[in-house]
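Remarks on the overall topology
So the chains spell out like this:
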Amino acid sequence: MMAKPVSVNRVLKLMGNRFEFTVIAENMEEGNIAIDAAIAEVKRIEYLLTTFSDHSQTSLINENAGLKAVKVDAEVIGLIERSIKISEITDGAFDITYGSIDKRLWNFDQNMTSLPDEATALASVGLIDYRNVVLDKACSTVFLKNKGMRIGFGGIGKGYAADKAKLLLQQMGINSGIVNAAGDLVTWGTQPNGYPWTVGIADPEQTNRPFSSLKISNMAIATSGSYEKYVTIGGKRYSHTIDPKTGLPVSGVKSVSIICPSAELADALATPVVVMGVKVGLELINQIKQVACIVIDDHDKIFTSDNINVI
């Protein structure tokens with residue numbers, strides 16, 4: 001008789017966010033050893049990508065902006081290269097050089113009663129331009145053309161870490177599990193009862209209550225929404241998502257959920273669809289194979305990409 005598989009779960013803070021690991025293993029010990037390894041992998045990635053440590057490769061790239069190219073791991077080059085591709089397909093609505101934005105303009109607290117004027121906002125995003133990132137794959141270097149430019153992986157790093165943790169767990173013989181990186185979630189295999197993993201899409205008006213559930217075994221999902229952090233000025237709601245082209249917060253979309261095979265891609269596409277808005281955002285998603293999308297606008301109307309039905 002084979003022993004019944006067990007579900008082993010752990011929640012902790014990594015990359016400044018809540019990570020949750022769930023693995024289906026033969027026993028508790030095997031599950032915990034696997035989760036320990038997945039946590040070590042996420043910490044390794046965090047050490048490469050964080051901007052909170054002066055010693056990370058990201059910080060070294062930023063420190064040398066406008067000065068010189070910096071040698072980094074091939075893995076970092078690969079992630080930057082994929083980030084630039086996302087910038088190209090979203091026409092700059094996603095941009096890893098977002099790190100240079102002046103946070104002082106945007107505190108999104110209750111004291112914020114007006115938007116900065118357009119000129120100030122535009123000046124704050126003057127250094128944001130993914131086309132000024134120079135990659136030399138042969139030498140494995142990255143160079144930011146302008147002084148003061150900064151890259152950051154806030155829009156793609158958690159998804160990347162979730163994918164890498166999943167890969168490691170699969171290599172360790174874990175055939176089913178979930179890695180949830182603060183809402184960027186990737187699943188594989190099935191629940192212990194043989195049913196697919198399902199996920200609830202939050203109702204923006206009542207975030208504790210899902211309005212729909214989707215089967216997402218062997219898929220990833222990421223949600224970006226203004227319902228968690230926003231300000232209302234003059235009766236209009238502005239999300240904490242800033243349009244990298246104007247420097248002003250976007251409005252119109254409450255939440256975007258992207259479903260596709262990779263958590264990295266889901267993570268990277270969710271925010272630009274918020275920036276692009278319902279029509280343009282869905283037109284983009286409809287052109288990308290194996291990617292589906294659910295958008296909820298400020299009036300709680302639900303829109304979906306062509307390849308998905310939400311009941």
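Details of the structure are given in the entry above.
Residues numbered from 1 in each chain as written. Predicted model: local features only at pLDDT ≥ 70, side-chain atom pairs only at ≥ 80, totals over all residues. Heavy atoms only, no water.

This brings us to the sheet that holds strand S3 (residues 70–71). Sheet architecture is open: three strands sit in the order S3-S5-S4, paired in antiparallel fashion. Sheet topology places S3 and strand S4 (133–136) at the edges, where each strand pairs with a single neighbour. In this sheet, strand S5 (residues 141–144) lies alongside S3 in antiparallel orientation, the contact comprising two bridges. Note that in S5 the partner of Lys 71 across the bridge is Thr 141. Its contacts with the sheet place helix H3 (residues 74–89) against S4 and S5, and it is angled at close to 135° to S4. (Pairing = 2+ DSSP bridges. Helix = DSSP H or I, 4+ residues; strand = E, 2+ residues; numbered from the N terminus. Contact = heavy atoms within 4.5 Å. Axes fitted to C-alpha atoms, helices over the stretch in contact; angles between N-to-C directions.)

Take the side chain of Asn 64 next. Among the structural elements, Asn 64 can be located in the loop between helix H2 (57–63) and S3. Classification of Asn 64 as buried rests on a relative accessible area of 13%. Once residues within four sequence positions are removed from consideration, Asn 64 is found in contact with Val 70 and Phe 143. (Buried < 20%, exposed > 50% of the residue type's maximum accessible area, 1.4 Å probe, protein only.)

A few words on unusual backbone geometry. Not every positive phi belongs to a glycine, and Met 15 is a case in point at roughly 50°. Take Met 15: it is sitting in the loop between strand S1 (6–14) and strand S2 (17–25). The backbone of Ala 182 sits at a positive phi, close to 50°, despite the residue not being glycine. Turning to its location among the elements, Ala 182 is positioned in the loop between strand S6 (176–181) and strand S7 (184–188). Judged by its relative accessible area of 36%, Ala 182 falls in the partly exposed class.

The subject of this paragraph is the packing of aromatic side chains. Inspection of the entire model under this criterion finds one aromatic pair. The ring of Tyr 130 carries the charged tip of Arg 131 above its face, separated from the ring centre by 5.5 Å. (Phe/Tyr/Trp six-rings, centres within 6.5 Å; stacked < 30°, edge-to-face > 60°. Lys NZ or Arg CZ within 6 Å of the ring centre and 35° of its normal.)

Taken across its five residues, S7 has five buried, putting it largely inside the fold. Direction of pairing for S6 relative to S7: antiparallel, over a ladder of five bridges. Across the sheet, Ile 178 pairs through a bridge with Thr 187, a residue of S7. Hairpin connection from S6 to S7: two residues lie between these consecutive antiparallel strands, with Ala 182 at a positive phi of about 50°. Inspection of the sheet shows S7 paired to strand S10 (residues 220–225) by two bridges, in the antiparallel sense. Across the sheet, Val 186 pairs through a bridge with Ala 220, a residue of S10.

Before going further, it helps to examine the pairing of S6. Judged by how many residues are buried, S6 sits mostly within the fold: six of six residues are covered. Neither face of S6 is exposed, since Ser 176, Ile 178 and Asn 180 on one face and Gly 177, Val 179 and Ala 181 on the opposite face are all buried. Two strands pair when backbone bridges link them, and S2 and S6 are joined in this way by six bridges, in the antiparallel orientation. The residue of S6 that forms the bridge with Thr 22 is Ile 178.

The subject of this paragraph is the nonpolar core. Phe 21, Ile 61, Ile 80 and Ile 258 are the most contacted members of the largest nonpolar core, which has 69 residues in total. Per element, the largest residue contribution to this core is nine residues, and it comes from helix H6 (residues 263–276). Here Ile 80 is in contact with Ile 61, Ile 96, Val 133, Leu 135, Val 142, Ile 151 and Phe 153, once residues within four sequence places are set aside. Core analysis: the second largest hydrophobic core is formed by 12 residues, Ile 24, Val 199, Ile 259 and Ile 308 among them. (Core = buried A, V, L, I, M, F, W, Y, C linked by side-chain atoms within 4.5 Å.)

This part covers helix H1 (residues 28–49). The terminal C-alpha atoms of H1 lie 31 Å apart, and with 22 residues this matches the ideal 32 Å at 1.5 Å per residue to within 8%. When we look at burial in H1, the residues that qualify are Gly 31, Ala 34, Ile 35, Ala 38, Ile 39, Glu 41, Val 42, Ile 45, Leu 48 and Leu 49. On the buried face of H1, the contacting elements are S1, S2, H2, H3 and helix H5 (157–171). (Expected span 1.5 Å × (residues − 1).)

For the rest of this paragraph, the subject is H5. Taking 1.5 Å of rise per residue, the 15 residues of H5 would be expected to cover 21 Å, and the 21 Å separating its terminal C-alpha atoms lies within 8% of that figure. For H5, the full list of buried residues reads Gly 157, Lys 158, Gly 159, Tyr 160, Ala 161, Ala 162, Asp 163, Ala 165, Lys 166 and Leu 169. Buried positions along H5 lie against S2, H1, H3, S6, S7 and H6. Looking one or two places after H5, you find Gly 173, whose phi comes out positive at around 90°.

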